[in-house]
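Coordinate inspection notes
So the chains spell out like this:
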Amino acid sequence: MGIGELDREAHVPEVTGAATAPRTLAEALRARGDEGLAALLRARPDLLSPVPNDLTQLATRAGTRGSVVRALERLDRFALQTAEALAVAPDPAPYPVLLALLTGDEGDPAIEAALPGAVALLREQALVWGEDDRLRLVRTARELLAPSAQHPSPTGLGPTVAEATSGMSPGRVQEIIAAAGLPTTHDPVSAVAALTGLFTDRDRMGSLLDTASPDALSVLDRLVWGPPYGEVTAKPAAPVQWLRDHGLLLPVSPRTMVLPREVALHLRGGRAHRAPEPVAPEPAVLREYRPQVVDSAAAGQAQLALATVEELLKSWDRGGPQVLRAGGLSVRDLKRTAAALDVSEETAAFWLELCYAAGLLASDGEADERYAPTPAYDDWLDLPPAERWALLVTPWLTATRTSGLVGGQDTKGRTLSVLGPDLDRAAAPEVRHRVLGLLATLPPGSSAEPESLFARLRWERPLRGAAASEERGDLRSRLARWAVAEAELLGLTGRGALSGPARALLNLPLAEAASAGELGGGVELSVAAGRAATLLAPLLPEAVDHVLLQADLTAVAPGPLRRPLADALAVLADVESKGGATVYRFTPGSVRRALDSGQTATDLHEFLKAHSRTPVPQPLSYLIDDVARRHGHLRVGAASAYVRCDDDTVLGEILADRRSSSLGLRRLAPTVLAAQTDPASLLDGLRSMGYAPAAESATGDVLIARADAYRTAARTAPVPVPDGPPAPDTTLLGAAVRAIRAGDRAATAVRKEPAASPTAAGALPRTSAAETLATVQAAAMTGSAVWIGYVNAEGGASQRVIAPVRVEGGFVTAYDHTADEVRTYPLHRITGVAELADDQV
């Protein structure tokens, strides 16, 4: 049901008369149509777990503290201000009183236009009930929003005169009304009423304030917008004493005074809030670009994102850093990763968390637990670039893990580490989607002024940020800032403006993208990601199959390389610089790495000739031949470890070199040295000394090292933490409304009490087995409905309205109006039966 429909529905009782006005929230819900109930359950899905038996139970659940807090957290600022105004208004409050609290004496056309919608929204969510002449805020919401000494109201108002004087002596009350120029009364109740009447009478209140000194008025000015409490000494100054004598300040303790609510409202001109915000602030345009420029910039960022993820995971191909005992990556390893990627630590944390959320990275689960790519990473590499990009942005939209929290502290003072626990924030997906949705409301090619964007998000959910505030500002604003930066890193935005592929990823028309608060389902998001990938594909540069070899032992890749060429070149050379054109450098170590992988010098020469558009430089050919000539001249195996070489003079040089002392070498034979270290450390030590040893097996064969030899076992991506119960679909809503309606009919059905055995009102009538059998048989023959009390096999008692169809073999088959289906009941479990009243049939 829309807001307009609810507003029209709210005025129906005014036409039909006051007799139809609801007396409770349950009666107000009972007067709603099915669409109204569905709207309530859609807005507050926590009410569906489990489905309430009837409307009375639904109303009770809607008034519980936890449910009301969740509902208040999802109100926009003006709807929340409306609820706050109702919390300080009389209960019940007529609509004109509520309007006056929000507009003040001068009025405000914008508030007058927005207030009906806000009241309708509060009614839809069962936070407010009653007709316009008797608006009631549910009791729990009033307790949460009403001002008190322990929980000041956002309005800045204090207690009423009646509340502030509740513990005051009758004599003191009489002194106050006498000082205010009012006649004394015979009881404190009438005295408080007289004082309240004075403070709410604009003319008399103005005359009283005219007699106050400027210093006394200055004291009131400091308290008028809150907080309304102030400390005083045992002997207050003359202005404060005058205000105290005239009841304009009332004592709440020997040292504390409070400004009564009625006095504050008079000084404010009747306005409950200093700055009501009936209209949502619109995001402002910062700069405008041609959409083609935005899409090109975003595509460049998308290509860089793919290259960064690939470089990160490729560097961990043989196993990444160890997992901390408490989980996550150490600060030292994060610094190393950031240096390897040439990015900041915050950005490196984002890429690590993104790979983890996408299921491309996980811990291996071994005793010496390490991080490593998953098998899904290999499948990801085989996809076209646009599809790989889609598989990164989709989990980013739905992930609750928040990399921006890395480096902060949890509630116990422990530092939060990347890939570690306690990084989930349930509000993150909704904030990311809203940021993109708000950018979609701007003209194509327009970037948003950041502060106006964040102001709009704060207006939409003012309590969400306040409830989750942390040491560096409210969490919702921080999530929004991180979302803007991360969207740029992923290529969803270019130069701050939303790209064409990102608009397709939202899976919504432009008009709907502004108001949507929920992401679509998994299938819908996958389809939208496919459309976005299709739009991105033509914008990405095509992969090339060649490089340009330079005389300075470098190779320039004029674009992204095709997969086999990129893999082979990554083994043969080191990346020196990245960008539009990647520069690779050939070094003795990189050439040795290629030879260790099983290639020969001839293979390397042929590979370079086949994939270079320029002739192979002579220095590069010499480098390959020189490293190949020395490669494998030394052999390292396992004794603990040993070195053997046909040239005993080389082994003599190694023993004479001081750098070999840490290896614990000793000569076993003219061509064999034994070591006290393991083969891997021995290989590294000899290579650091400038040699090119090769590892060999126990049979003497050369071991070939593969760069992509290690993967974790199959791992699933982390499941996002839900932000409350999931939104119900249309089918579930329809079934729930029917079940609640049926249960309510059974609970409220008027029954004929058996004349022979009258029962107390509301009690279960007890009928004998014979009476039960006779009544249901008669109902089956006449096709009428009856009320029954029923106890199931677990001992749960319920009331039901059934229409018996067949009675035989100790069972009654009937259409159950409560369950809205045909069921069979054992007669011995029916505690009692009664015919429905004539007007219920």
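Residues numbered from 1 in each chain as written. Predicted model: local features only at pLDDT ≥ 70, side-chain atom pairs only at ≥ 80, totals over all residues. Heavy atoms only, no water.

Further remarks concern helix 24 (residues 450-460). Listing the buried residues of helix 24 in full gives S452, L453, F454, R456, L457, W459 and E460. The backbone nitrogen of E451 has a side-chain oxygen 3.1 Å away, supplied by the residue at the start of helix 24, namely E449. (Buried < 20%, exposed > 50% of the residue type's maximum accessible area, 1.4 Å probe, protein only. Helix = DSSP H or I, 4+ residues; strand = E, 2+ residues; numbered from the N terminus. Polar contact = N/O pair within 3.5 Å; in protein donor to acceptor, adjacent residues only side chain to side chain.)

Once that is clear, we can look at the sheet that holds strand 4 (residues 250-253). If you trace the three strands from one edge of the open sheet to the other, you get 3-5-4, paired in antiparallel fashion. For this open sheet the edge positions go to strand 3 (229-231) and strand 4, each flanked by a neighbour on one side alone. For this sheet, the mean inter-axis angle between neighbouring strands, taken without regard to orientation, is 35°. Of the strand pairs in this sheet, strand 4 and strand 5 (residues 256-258) are connected by three bridges, and their pairing is antiparallel. What sits directly across from L250, in strand 5, is V258. (Pairing = 2+ DSSP bridges. Axes fitted to C-alpha atoms, helices over the stretch in contact; angles between N-to-C directions.)

The subject of this paragraph is the nonpolar core. Judged by nonpolar contacts, the single largest core of 88 residues is most densely connected at L29, L41, L58 and F199. Discounting residues that sit within four places of it in the chain, L58 has contacts with L29, L37, L40, L41, L47, P52 and I740. Core analysis: the second largest hydrophobic core is formed by 70 residues, W316, A338, A349 and L361 among them. (Core = buried A, V, L, I, M, F, W, Y, C linked by side-chain atoms within 4.5 Å. Contact = heavy atoms within 4.5 Å.)

Another aspect to go through is the pairing of strand 17 (residues 641-644). Where strand 16 (residues 635-637) and strand 17 come together, three bridges link them in antiparallel fashion. From the neighbouring strand, G637 faces strand 17, where its bridge partner is Y642. Strand direction decides the pairing type here: strand 17 and strand 19 (residues 672-675), joined by four bridges, are antiparallel. Across the sheet, Y642 pairs through a bridge with A674, a residue of strand 19.

Before going further, it helps to examine the confidence of the model for the protein chain. Here the protein chain averages 85 in pLDDT, and 91% of its residues register 70 or above. This model gives residues 467-473 a pLDDT under 50, and the stretch forms twelve contacts once residues within four places in sequence are excluded. Confidence drops under a pLDDT of 50 for residues 755-762, and excluding neighbours within four residues, the segment shows three contacts in the predicted structure. (pLDDT = per-residue confidence, 0-100.)

Once that is clear, we can look at the side chain of D410. Mapped onto the elements, D410 comes out in the loop between helix 22 (385-398) and helix 23 (428-440). Residue class for D410 comes out buried when judged on its relative accessible area of 16%. Among the polar contacts made by the side chain of D410, one reaches the main-chain amide nitrogen of G413 at a distance of 3.0 Å. In this view, D410 contacts L416 and D422; residues no more than four positions away in its chain are not counted.

A word on the packing of helix 20 (residues 345-357) against helix 26 (residues 475-490). Running from N to C, helix 20 and helix 26 point in directions that differ by 70°, and their axes come no closer than 12 Å. Comparing the axis directions of helix 20 and helix 26 gives the class roughly perpendicular. Where helix 20 approaches helix 26, its residues T347, F350, W351 and L354 are matched on the opposing element by E486, L489 and L490. (Parallel < 35°, antiparallel > 145°, perpendicular 65-115°, else oblique.)

What follows covers helix 4 (residues 34-43). Buried residues of helix 4: G36, L37, A38, A39, L40 and L41, and no others. The inward-facing, buried residues of helix 4 contact helix 3 (25-30), helix 5 (55-62), helix 9 (109-124) and helix 36 (730-748).

Right, let's get into the packing of helix 31 (residues 588-596) against helix 33 (residues 618-630). Contact pair helix 31 / helix 33: the axes reach a minimum separation of 10 Å and the direction vectors enclose 60°. Between helix 31 and helix 33, the crossing angle belongs to the class labelled oblique. Like other packed secondary-structure pairs, helix 31 and helix 33 cross with a definite hand, here right-handed. For the pair helix 31 and helix 33, contact is made by P588, V591, R592 and L595 and by L623, I624, V627 and A628, respectively. (Left-handed = near helix turned anticlockwise from the far one by under 90°.)

A separate point is the pattern of salt bridges. Any two side chains of opposite charge can pair, so long as their charged atoms come close to each other. Under the criterion given, the structure shown has 35 salt bridges. The salt bridge involving R593 is made with D574; its shortest N-O contact spans 2.9 Å. Placement of the pair is R593 in helix 31 and D574 in strand 14 (residues 574-577), with a sequence separation of 19 residues. A relative accessible area of 34% means that R593 is categorised as partly exposed. Linking R800 and D816 is a salt bridge whose minimum nitrogen-to-oxygen distance equals 2.9 Å. Separated by 16 residues along the polypeptide, R800 in strand 22 (residues 797-808) and D816 in strand 23 (residues 811-816) bring together distant segments of the chain. Summarising the burial analysis for this pair, R800 and D816 share the class buried. Residues joined in a network through salt bridges with shared partners are E282, R434, R456 and E460. (Salt bridge = Lys/Arg side-chain N within 4 Å of Asp/Glu carboxyl O.)

Glancing now at empty space enclosed by the protein. Taken as a whole, this structure holds three cavities of 30 Å³ or more when the rule is applied. Estimates place the volume of the largest cavity at around 130 Å³. In this structure, the largest cavity is lined by 15 residues; those nearest its centre are F350, W396, R401, R432 and E486. Of all elements in the fold, only helix 20, helix 22, helix 23 and helix 26 reach the threshold of two or more residues within the lining of the largest cavity. Considering every element that reaches the lining of the largest cavity, the biggest residue donor is helix 20, with four residues. Looking at the lining of the largest cavity residue by residue, the class counts come to nine nonpolar, two polar and four charged. The space that makes up the second largest cavity amounts to roughly 40 Å³. Forming the walls of the second largest cavity are P147, S148, P152, S153, G156, L157, G158, P159, P228 and Y229. (1 Å grid on protein atoms, 1.4 Å probe; cavity = no way out; pocket = protein on both sides within 12 Å on 5 of 7 lines; lining within 4 Å. Points joined across faces, edges and corners; volume = space filled by probe spheres on them. Nonpolar A, V, L, I, M, F, W, Y, C, P; charged D, E, K, R; others polar.)

Once that is clear, we can look at the environment of T614. Within the secondary structure layout, T614 lies in the loop between helix 32 (601-611) and helix 33. Residues within four places of T614 in sequence aside, it is in contact with L548 and L549. A distance of 2.9 Å separates the side chain of T614 from the backbone nitrogen of L549, its partner in a polar contact.

Looking at where H266 falls in the secondary structure, it is placed in helix 17 (residues 261-267). Its relative accessible area of 15% is what places H266 among the buried residues. Aside from chain neighbours lying at most four places away, what touches H266 is F199, R202, M205, G206 and L209.

Let us look at the environment of L682. Relative to the helices and strands, L682 resides in helix 35 (residues 679-688). Excluding residues that lie within four positions of it along the chain, L682 makes contacts with V636, A641, Y642, V643, L663, L665, A675 and T677.

A complete count under the given rule lists three aromatic pairs for this structure. Ring centres 6.1 Å apart and planes at 25° place the aromatic pair Y377 and W380 in the stacked group. One end of the pair is Y377 and the other is W380, both in helix 21 (residues 375-381) and three residues apart, which spans about a single turn. Look at Y377 and you get buried, because its relative accessible area is 1%. The exposure class of W380 is buried, given its relative accessible area of 2%. Between the aromatic rings of Y790 and Y825, the centroid separation amounts to 4.9 Å while the plane-to-plane angle is 70°, which identifies the pairing as edge-to-face. In this pair, Y790 sits in strand 21 (residues 786-791) while Y825 sits in strand 24 (residues 821-826), placing the two residues 35 residues apart along the sequence. Across the pair, exposure class does not vary: Y790 and Y825 are buried alike. One cation-aromatic arrangement involves R388 over W380; the distance from NZ or CZ to the ring centre is 5.3 Å. (Phe/Tyr/Trp six-rings, centres within 6.5 Å; stacked < 30°, edge-to-face > 60°. Lys NZ or Arg CZ within 6 Å of the ring centre and 35° of its normal.)

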